[in-house]
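One letter stands for each residue in the lines below.
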Amino acid sequence: MLERIESLRGEALRALEAVEDATALEAWRIAYLGRKGRVSALMDLIGSLPREERPAFGQAANELKRTLEAAFEERKEALARQELARALAAEALDVTLPGRPTGPGHLHITTQTLRKIIAIFAEMGFQVYESPDVETDEMNFGLLNMPPHHPARDMWDTFWISDEASTGSTQGLLLRTHTSPGQIRVMRERCPEPIRVILPGKCYRYEQITARSEHQFYQVEGLAVGHGITLSDLIGTAAEFARRFYGPERRVRIRGSYFPFTEPSIEVDMDCILCHGAGCRVCKQSGWLEVAGAGMVHPVVLQNGGYDPDEWSGFAFGFGVERPAMVKYSIDDIRLFYGNDLRFLRQF
Ligand code: FA5
């Protein structure tokens, strides 16, 4: 009987050596060490042996069981080590390879354009003043000479952020539709001193998005208040800016327009940078591009800012940032600015 035990030991250990994966190992465990396995079957024979052979047989069978259990654990660990080695080899990393260079980032085209605009106005003696994106109805409209229900409010489709709007209350909150409410804020803060500031910032309009219009874009507002400021000062400032931003050969013209907060109101046009005034698709064959809305600050607005219109006068203008950038760099769709396509952004 002891030979049977020895023969089973040899057979089991050889079979274990041939085991190459976890599934085969489990099958081996069930076949030899399981409840109905070969070792259990051997143990069951003990009752059929002569009494004097039983102790030696039992001892040998128990030792076989311990040997196979230890061999099983050893094989299990060896297989786990092999598996780990395989996984590491599959993920092998050549640490001597040079790293992938990450290019330095750069400023967004809008920021670059905005900085250029600010630098030009700074050279012309304008300070930068910032005002909030979230405004009251009163600042955005009321104090700019558009009381509740004034029809000119429809010139700016508005994102309202509080309910008062529908009641016509001047306390309603909104995302500013233009940078012009900053005029009131800066006047109230600086009164009674002369003012020469620009107010750059984001504006929001509840508008259809098209190749020329976004629902969120930048504007730069300009405001000068002093004694004896005239329309000529405004035209001179606009012409000087156009030349410094677009090139010394640029010409500007003015057209009559309407804004409730300026009187008189004008639009400033510049000769088309692409066709040099000959007429093309971008300027709609007119030879001119609209650059800014502007005018002399309305007496009511001066008064709302704290300035006596009999003593003080001023000019104001407001223009977009993306549209001038489109003209300067021949970009035909404003949606590219905020589409986050790196192929576009990397060009500037
Ligand atoms: C105004 O917003 C006036 N506040 C400008 C002004 C200021 C007039 C001071 C008088 C005195 P307007 O709605 O035309 O005006 O907008 C001015 C500029 O903002 C436009 O010429 C254009 O460059 C830009 N703009 C307007 N709407 C959009 C839009 N949806 N997407 C991109 N740019 C826009």
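Keep in mind it's a predicted model, so treat the numbers as computed, not measured.

## Considering the overall build of the chain
The number of helices and strands found in the chain is 12 helices and nine strands. Computed over its C-alpha atoms, the radius of gyration of the chain comes to 42 Å, more than 25% above the 20 Å expected for a compact globule of 348 residues. With respect to the three principal axes, the spread of C-alpha positions in the chain is 130 × 50 × 35 Å. Within the chain, the proportion of its 348 residues that are buried is 43%. Summarising the internal contacts of the chain: among those between residues at least 6 apart in sequence, 66% fall at separations of at least 24. Within the chain, one finds 40 positive and 48 negative side-chain charges whose respective centroids are separated by 6 Å.

## Topic: the sheet that holds strand E9 (residues 313–320)
The seven strands are arranged E1-E4-E5-E9-E8-E7-E6 in an open sheet whose pairing can be described as mixed. Edge positions in the sheet fall to strand E1 (127–128) and strand E6 (252–259), since each of these pairs with one other strand and no more. Relative to strand E5 (residues 216–226), strand E4 (residues 195–204) runs antiparallel, the two sharing 10 bridges. Looking across to E5, one finds that Arg 196 is bridged to Ala 224. In the packing of helix H9 (residues 231–246) onto the sheet, the strands contacted are E6, strand E7 (262–271), strand E8 (288–297) and E9, and the crossing angle to E9 comes to about 30 degrees.

## Here we look at the domain arrangement of the chain
Domain boundaries in the chain define domain 1 (2–90) and domain 2 (110–345). Computed over C-alpha atoms only, the centres of domain 1 and domain 2 are separated by 88 Å.

## Description of the nonpolar core
Counting residues in each nonpolar core, the largest one holds 33 residues, and the members touching the most others are Ile 117, Phe 121, Val 220, Phe 241, Phe 315, Phe 317 and Phe 319. Elements represented by at least two residues in this core include exactly helix H5 (109–123), E5, H9, E7, E8 and E9. With residues up to four places along the chain from it excluded, the contact list for Phe 319 reads Ile 117, Phe 121, Tyr 218, Gln 219, Val 220, Phe 241, Val 291, Ala 292 and Pro 324. With 25 residues, the next largest nonpolar core counts Met 187, Val 225, Phe 259 and Phe 261 among its residues.

## Examining the pairing of E5
For E5, a buried count of nine out of 11 residues is recorded, marking the element as mostly surrounded by other parts of the structure. Pairing analysis gives eight bridges linking E5 to E9, with the strands arranged antiparallel. Along E9, the bridge assignment pairs Val 225 with Gly 314.

## Side note on a negative patch on the surface
On the surface, Glu 69, Glu 73, Glu 74 and Glu 77 cluster together to form a negatively charged patch. Relative to the helices and strands, Glu 69 is located in helix H4 (residues 54–90).

## Some words on the side chain of Ser 131
As for its placement among the helices and strands, Ser 131 is situated in the loop between E1 and strand E2 (134–136). Among the residues examined, Ser 131 registers a relative accessible area of 12% and is labelled buried. When neighbours within four sequence positions are excluded, Ser 131 is seen to be in contact with Arg 176, Gly 182, Arg 185 and Leu 199.

## Looking at the pattern of salt bridges
Counted according to the given criterion, the structure contains 17 salt bridges. Here Asp 137 makes a salt bridge to Arg 153, at a shortest N to O gap of 2.8 Å. Here Arg 153 lies in the loop between helix H6 (137–140) and helix H7 (164–167) and Asp 137 lies in helix H6, a separation of 16 residues in the sequence. In this structure, Asp 137 and Arg 153 share a single accessibility class: buried. Two residues, Arg 250 and Asp 271, come together in a salt bridge whose shortest N-O distance is 3.0 Å. A residue pair is termed long-range when its members are at least 10 positions apart, and Arg 250 in the loop between H9 and E6 and Asp 271 in strand E7 qualify at 21 residues. The exposure classification of Arg 250 matches that of Asp 271, with both residues buried. Through salt bridges with shared partners, one network takes in Glu 123, Glu 240, Arg 243 and Arg 244.

## Examining the site of the ligand
In the vicinity of the ligand lie 23 residues, with His 178, Ser 180, Arg 205, Glu 207 and Glu 214 positioned nearest. Here the ligand loses 94% of its free accessible area of 680 Å² to cover by the protein chains. Breaking the shell around the ligand down by element, the ones donating at least two residues are E5, E8 and E9. Here the shell around the ligand takes four residues from E9, the largest share from any one element.

## Here we look at the packing of H5 against H9
Interaxial distance between H5 and H9 falls to 10 Å at its minimum, and their mutual angle equals 130 degrees. When the interaxial angle is binned, H5 and H9 end up oblique. Our pair here, H5 against H9, has a crossing hand that is right-handed. Of H9, the residues touching H5 (which contributes Thr 113, Lys 116, Ile 117, Ile 120, Phe 121 and Glu 123) are Thr 237, Phe 241, Arg 244 and Phe 245. Its residues assigned to classes, the contact of H5 with H9 comprises five nonpolar, two polar and three charged.

## Let's talk about the side chain of Ser 313
Along the chain, the position of Ser 313 falls in strand E9. The class for Ser 313 is buried, based on a relative accessible area of 18%. A distance of 2.9 Å separates a polar side-chain atom of Ser 313 from the backbone oxygen of Ile 229.

Rules used in this analysis
Residues numbered from 1 in each chain as written. Predicted model: local features only at pLDDT ≥ 70, side-chain atom pairs only at ≥ 80, totals over all residues. Heavy atoms only, no water. Helix = DSSP H or I, 4+ residues; strand = E, 2+ residues; numbered from the N terminus. Rg over C-alpha atoms; globule rule 2.2 N^0.38 Å. Buried < 20%, exposed > 50% of the residue type's maximum accessible area, 1.4 Å probe, protein only. Contact = heavy atoms within 4.5 Å. Lys, Arg positive; Asp, Glu negative; His and termini not counted. Charge placed at Lys NZ, Arg CZ, Asp CG, Glu CD. Pairing = 2+ DSSP bridges. Axes fitted to C-alpha atoms, helices over the stretch in contact; angles between N-to-C directions. Domains from an automatic or database assignment. Core = buried A, V, L, I, M, F, W, Y, C linked by side-chain atoms within 4.5 Å. Patch = residues over 30% accessible without salt bridge, like charges linked within 9 Å, V, L, I, M, F, W, Y side chains within 5 Å. Areas by Shrake-Rupley, 256 points an atom, 1.4 Å probe, with all protein chains shown as cover. Salt bridge = Lys/Arg side-chain N within 4 Å of Asp/Glu carboxyl O. Near = heavy atom within 4 Å. Parallel < 35°, antiparallel > 145°, perpendicular 65-115°, else oblique. Left-handed = near helix turned anticlockwise from the far one by under 90°. Nonpolar A, V, L, I, M, F, W, Y, C, P; charged D, E, K, R; others polar. Polar contact = N/O pair within 3.5 Å; in protein donor to acceptor, adjacent residues only side chain to side chain.

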